[in-house]
Amino acid sequence: MTDVVKKGFRSRALGAGLKALGASGLPRLAQPFTQGRGAILMFHHIRPWAGGVFTPNRGLEITPEFLDETIAALHGRGFDIVPLGEIPARLRQPNEKPFAALTFDDGYRDNLVHAIPVLEKYGAPFTIYIATGFADGTARLWWVELENAIRALDSVPFAGQTLPASAADEKMAAFLAIYWNLRAGSEARLLDEIARIAALARIDGAALTRGLCMNWEEIAKLATHPLCTIGAHTVTHPRLAKLGDAPARQEMAASRDAIEARLGQPVRHFAFPVGDPTSASPREFAVAAELGFDTAVTTRKGMIFDAHAGRLTALPRLSVNGDYQERAYLELLLTGAPFWLWNRGRRIAA
Ligand SMILES: [Zn+2]
């Protein structure tokens, strides 16, 4: 889960800006400076587009066809697609070719059905980050609960007001208002408020998790796939920076321990849930290093530079966002130029 909602809201303006930048020819000239050593690509759902007019989480899904096009674009631009575990060594040695690592967050069943055939077609290594509470069927996909509840309701009581939610634009406005209000507060308030709203629409959060996420049997089978690396993504998928020291550390360590116990293989990589600066902070980057993870990834935007060799538990990613399923956008992102602008010229922006 990322800040895709906000991005989706701004996608038209941003899309026009990206198009203008792409047409300028500047990104190609700047590429030697902005592309760095490569990128860690971030994906969530891979599934055929089901359509709909109220789809606030659309940024979190791309079609199998666009996954295919993404890998084709990487090949076309000369990227080596490498297992995540090779990145530390790759950063220690010069290499003329840029690298790309493919990462999938949360452990969705559609990855198994729709992503694996594409990844196999290209022989592309990939990493899937498992939140163990999703695999257990107990942790909550609260952003999907909120979407489904608002889709079903005509109005939403929230913070002493009644938000209209009959037309699609009203539903989007209600979703954004509630989402960003709750994102600013504690994890407990976010979960309680969305549980209350979901109950009004008779949404069964546990059934939603079990329907969308792989169970342990499926994960165990996936873990034996020669192209697959399994990473950890906490137990309950909280915004770790909102938790106290001990609970945050416990979420990180317990998810790794549970996966290792279930799969009988070491877990060397971690992804911070939500992953923006309000959800993953320098405290958690340090804990990830203390716990011995080889790498940990955020949802900060950026390419990977040599200097990231010293910050392997605070790595940025390149989000392959459902709001931008166009080859031209992807090609532009792979030059690194948009990140250079977003990060105001800083290569390390964590
Ligand atoms: Zn996640």
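Note that the structure is predicted; figures quoted are calculated from it, not measured. (Residues numbered from 1 in each chain as written. Predicted model: local features only at pLDDT ≥ 70, side-chain atom pairs only at ≥ 80, totals over all residues. Heavy atoms only, no water.)

**Student:** Requested: an account of the overall build of the protein, with residues and values cited.
**Tutor:** Across its full length, the protein holds 16 helices and 12 strands. Over its C-alpha atoms the protein spans a radius of gyration of 19 Å, differing by no more than 12% from the 20 Å that the globule rule assigns to 350 residues. Counting only C-alpha atoms, the protein reaches 55 × 50 × 35 Å along its principal axes. Within the protein, buried positions represent 55% of all 350 residues. Looking at the protein alone, contacts between residues at least 24 apart form 74% of all its contacts between residues at least 6 apart. Roughly 14,300 Å² of accessible area belongs to the protein as shown, and the carbon and sulfur atoms make up 55% of that amount. (Helix = DSSP H or I, 4+ residues; strand = E, 2+ residues; numbered from the N terminus. Rg over C-alpha atoms; globule rule 2.2 N^0.38 Å. Buried < 20%, exposed > 50% of the residue type's maximum accessible area, 1.4 Å probe, protein only. Contact = heavy atoms within 4.5 Å. Areas by Shrake-Rupley, 256 points an atom, 1.4 Å probe, with all protein chains shown as cover.)

**Student:** Run through the packing of aromatic side chains, naming residues and quoting values.
**Tutor:** Here the distance between the centres and the angle between the planes together describe a pair of aromatic rings. Summed over all chains, the structure comprises 13 aromatic pairs. Centroid distance Trp 142 to Tyr 179: 5.7 Å. Interplanar angle 40°. Geometry classified as tilted. Of this pair, Trp 142 sits in helix H8 (residues 142-152) while Tyr 179 sits in helix H9 (residues 168-183); the two residues are 37 residues apart in sequence, bridging distant segments of the chain. The class of Trp 142 is buried, set by a relative accessible area of 2%. Overall, Tyr 179 belongs to the buried group, its relative accessible area being 1%. Seen in terms of ring centroids, Tyr 179 and Trp 180 are 4.8 Å apart; in terms of plane orientation they differ by 75°. Their pairing is edge-to-face. Here Trp 180 falls in the partly exposed class, since its relative accessible area comes to 27%. (Phe/Tyr/Trp six-rings, centres within 6.5 Å; stacked < 30°, edge-to-face > 60°.)

**Student:** Can you break down the nonpolar core residue by residue, with the values?
**Tutor:** Judged by nonpolar contacts, the single largest core of 59 residues is most densely connected at Leu 102, Phe 104 and Phe 126. Setting aside its immediate chain neighbours within four residues, Leu 102 contacts Leu 41, Phe 43, Ile 71, Leu 74, Ile 81, Leu 119, Ala 124, Pro 125, Phe 126 and Thr 127. By size, the runner-up hydrophobic cluster in this structure holds 29 residues, among which are Phe 54, Ala 149, Leu 153 and Ile 197. (Core = buried A, V, L, I, M, F, W, Y, C linked by side-chain atoms within 4.5 Å.)

**Student:** Tell me about the coordination of the zinc ion, and name the residues and values.
**Tutor:** Under ideal tetrahedral coordination, the four donors around a metal are separated by 109.5 degrees; under ideal octahedral coordination, the six donors are separated by 90 or 180 degrees. Binding of the zinc ion to the protein goes through Asp 106 (OD), His 233 (NE2) and His 237 (NE2), at separations of 2.0 to 2.1 Å. The sequence motif formed by the donor residues of the zinc ion is D-x126-H-x3-H. Here the residue Asp 106 occupies a position in strand S5 (residues 99-106), and His 237 occupies one in the loop between strand S9 (228-232) and helix H13 (245-263), the gap between them amounting to 131 residues. Note on accessibility: Asp 106 and His 237 belong to one class, buried. (Donors = N, O, S within 2.8 Å, 3.2 Å for Na, K, Ca; no water.)

**Student:** Residues and numbers for the packing of helix H4 (residues 64-76) against helix H6 (residues 109-122), please.
**Tutor:** Packing of H4 against H6 brings their axes to within 9 Å, and their N-to-C directions diverge by 25°. Considering the angle they form, H4 stands roughly parallel to H6. Between H4 and H6 lies a crossing of right-handed hand. Contacts from Pro 64, Leu 67, Asp 68, Ile 71, Ala 72 and His 75 of H4 reach H6 at His 114, Ala 115, Val 118, Leu 119, Lys 121 and Tyr 122. For the contact of H4 with H6, the residue count by class is eight nonpolar, two polar and two charged. (Axes fitted to C-alpha atoms, helices over the stretch in contact; angles between N-to-C directions. Parallel < 35°, antiparallel > 145°, perpendicular 65-115°, else oblique. Left-handed = near helix turned anticlockwise from the far one by under 90°. Nonpolar A, V, L, I, M, F, W, Y, C, P; charged D, E, K, R; others polar.)

**Student:** Give me the pattern of salt bridges: which residues, what numbers.
**Tutor:** In total, this model carries 20 salt bridges according to the counting rule given. One salt bridge connects Asp 80 with Lys 97, and the closest N-O pair in it is separated by 2.8 Å. One end of the pair, Asp 80, is in strand S4 (residues 80-81); the other, Lys 97, is in the loop between helix H5 (87-92) and S5, and 17 residues separate them in sequence. (Salt bridge = Lys/Arg side-chain N within 4 Å of Asp/Glu carboxyl O.)

**Student:** Kindly report on unusual backbone geometry, identifying the contributing residues and their values.
**Tutor:** The phi angle at Asp 106 is positive, at roughly 90°, despite the residue not being glycine. Even without being a glycine, Thr 234 presents a positive backbone phi close to 75°.

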